[in-house]
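Secondary and tertiary structure notes
What follows is each chain in one-letter form.
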Amino acid sequence: MEPREFEEWIRTITEDKEAIGTAPQQSFRINTLKIPIGTFDEVSELKNKKIKWDESGRAYTDRFEIGNTFEYFLGYLHPQSLSSMIPPLVLGPKKGEHILDLTAAPGSKTTQISAIMENSGTLVANDLPEKETSLVANVARLGALNVIITNRDARDWPLKDEFDRVLLDAPCSALGSNPNAIKRFSVAYAESLALVQKRLIMKGFDALKDGGTLVYSTCTYSIEENENVIEYLLSVREEAKIEKIDLKDVPHDYGLTAECKKCWRIYPRHLNSEGFFIAKITKTE
């Protein structure tokens, strides 16, 4: 899609002029599996700023590359965008639960969920075999001991009625996270991705126990990959119900269609971070 054509298209979704091509602030998550937050603040000399809505999340203001710090190698922190930290918080994992991260690599959200669970219960982290290396490396470095790694194509996920919660951070066109994504984007491309996403969300939803919670997220803006995918699930699974997202102090916009008004859209202006779409769905009994 040509730049001018893309600008016209994005204006149909948001007036955020910095939605594409921005360089968001660096950020990280304190890994409470390895170190308490208070202890980290005492021993680390890295410059950072606290955020209101998650005490483990920090905006990074130092000059050093996060991945070259002692704190990184010791597993005390994990580089992660502020927007990316929100889906696991919306998922609301509890200690002792049985949880699935259906498309988990490279493991940022997986290890965040593990930390919230305090290494209890069972967390299945799945992704394609070629993505397993990064997933294994992060799970090991961060000490996520309750994680079982599987390497199936999520489109063929076999388990049903098994999990208390499922996170599906779906593969997408990445308009909210990759400044170069515009070069390959078209509505036809988004529609082709949506075919995969619809299959994935069906697998994720069917993997839930009755009363379970599914969180669907992407780092892109197109309606085809977001609202349309949610509406597809609602149309084929009558037990699927969209829930209000109840997180305080997180600036956001709402979904663009009537059925998805409870969904969140996060643009760079909200958190000086990536663009994200987030939906919370329960499987009614």
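Heads up: the structure comes first, above all this text.
The following paragraphs examine the structure supplied in this document.

Definitions and limits used
Position numbers for residues count from 1 along each chain, tracking the sequence in the order it is written. Local features in this predicted model are restricted to residues whose pLDDT is 70 or higher, and side-chain atom pairs enter the listing and the counts only when it is 80 or higher, whereas totals over whole chains, interfaces and linings include all residues. Side-chain numbers here rest on the full set of heavy atoms in the structure, without hydrogens or water. For the exposure calls, accessible area comes from a 1.4 Å probe over protein chains only, and a residue counts as buried if that area is under 20% of its type's maximum, exposed if over 50%, partly exposed in between. For the purposes of this entry, the term helix denotes a DSSP run of H or I that reaches at least four residues, the term strand denotes a run of E that reaches at least two, and both are numbered from the N terminus. By definition, residues are in contact when any of their heavy atoms lie within 4.5 Å. The criterion for an aromatic pair is that two Phe, Tyr or Trp rings (for Trp, the six-membered ring) have centres within 6.5 Å, with stacked assigned to planes under 30 degrees apart, edge-to-face to planes over 60 apart and tilted to the rest. Consider the ring centre and the ring normal. A charge sits over the ring if Lys NZ or Arg CZ is within 6 Å of that centre and within 35 degrees of that normal. Two strands qualify as a pair provided DSSP detects at least 2 bridges between them. Each axis is a line fitted through C-alpha atoms, taken for helices only over the stretch in contact, and angles between the N-to-C directions span 0 to 180 degrees. Only residues above 30% relative accessible area that lack a salt bridge enter a patch, with like-charged residues linked at up to 9 Å and the nonpolar side chains Val, Leu, Ile, Met, Phe, Trp and Tyr linked at up to 5 Å. In this description, accessible areas are obtained by the Shrake-Rupley approach with a 1.4 Å probe, and a residue is regarded as covered only by the protein chains that are shown. Throughout this description, the term salt bridge denotes a Lys or Arg side-chain nitrogen within 4 Å of a carboxyl oxygen of Asp or Glu. All tallies of charge rest on Lys and Arg as positive and Asp and Glu as negative; His and the ends of each chain are not included. Every charge is mapped onto a representative atom, which is NZ of Lys, CZ of Arg, CG of Asp or CD of Glu.

Details of helix H6 (residues 132-141)
Among the residues of H6, Leu 135, Asn 138, Val 139 and Arg 141 are the ones counted as buried. Among the structural elements, helix H3 (70-73), strand S4 (77-79), helix H5 (108-116), strand S6 (122-126) and strand S7 (147-150) are those in contact with the buried residues of H6. Just downstream of H6 lies Gly 143, where phi reads positive at about 70°.

Looking at the packing of aromatic side chains
Where two aromatic rings form a pair, the distance of their centres and the angle of their planes describe that pair. Scanning the entire structure with this criterion turns up 9 aromatic pairs. Centre to centre, the rings of Phe 28 and Phe 40 are 5.8 Å apart; their planes meet at 55°, and the pair counts as tilted. Separated by 12 residues along the polypeptide, Phe 28 in strand S1 (residues 27-30) and Phe 40 in helix H2 (residues 37-43) bring together distant segments of the chain. No difference in accessibility class separates Phe 28 from Phe 40, as the two residues are buried. For the pair Trp 157 and Phe 163, a centre-to-centre distance of 6.5 Å together with 45° between the ring planes defines the contact as tilted. Across this residue pair, the class does not change: Trp 157 and Phe 163 are buried. Aromatic rings pair up to connect Phe 6, Trp 9 and Phe 185 into one cluster. Of note, Arg 141 hangs over the ring of Tyr 72, and the distance from its end group to the ring centre comes to 3.8 Å.

Considering the side chain of Thr 257
By secondary structure assignment, the location of Thr 257 is in the loop between strand S11 (253-254) and strand S12 (264-266). Exposure remark for Thr 257: the relative accessible area of 17% places this residue in the buried category. Dropping the residues within four chain positions of it, Thr 257 is found in contact with Glu 227 and Glu 231.

Considerations on the sheet that holds S1
Sheet architecture is open: 4 strands sit in the order S2-S3-S1-S4, paired in antiparallel fashion. Single-partner strands in this sheet number two, and they are strand S2 (48-50) and S4. Taken pair by pair, the neighbouring strands of this sheet meet at an average axis angle of 35°, ignoring direction. Taken together, the 3 bridges between S1 and strand S3 (residues 57-60) define a ladder with antiparallel strand orientation. For Arg 29, the partnering residue across the bridge sits in S3 and is Gly 57. Strand contacts of H5: S1 and S4, with the helix running at about 30° to S1, the strand carrying the most contacts.

A few points about unusual backbone geometry
Backbone torsion omega between Ala 105 and Pro 106 reads 5°, so that peptide bond is classified as cis. Structurally, Pro 106 is set in the loop between strand S5 (98-101) and H5.

Some words on a negative patch on the surface
A contiguous patch of negative charge on the surface is contributed by Glu 2, Glu 5, Glu 7 and Glu 8. Note on placement: Glu 5 falls in helix H1 (residues 3-11). Residue classification places Glu 5 among the partly exposed residues on the basis of a relative accessible area of 44%.

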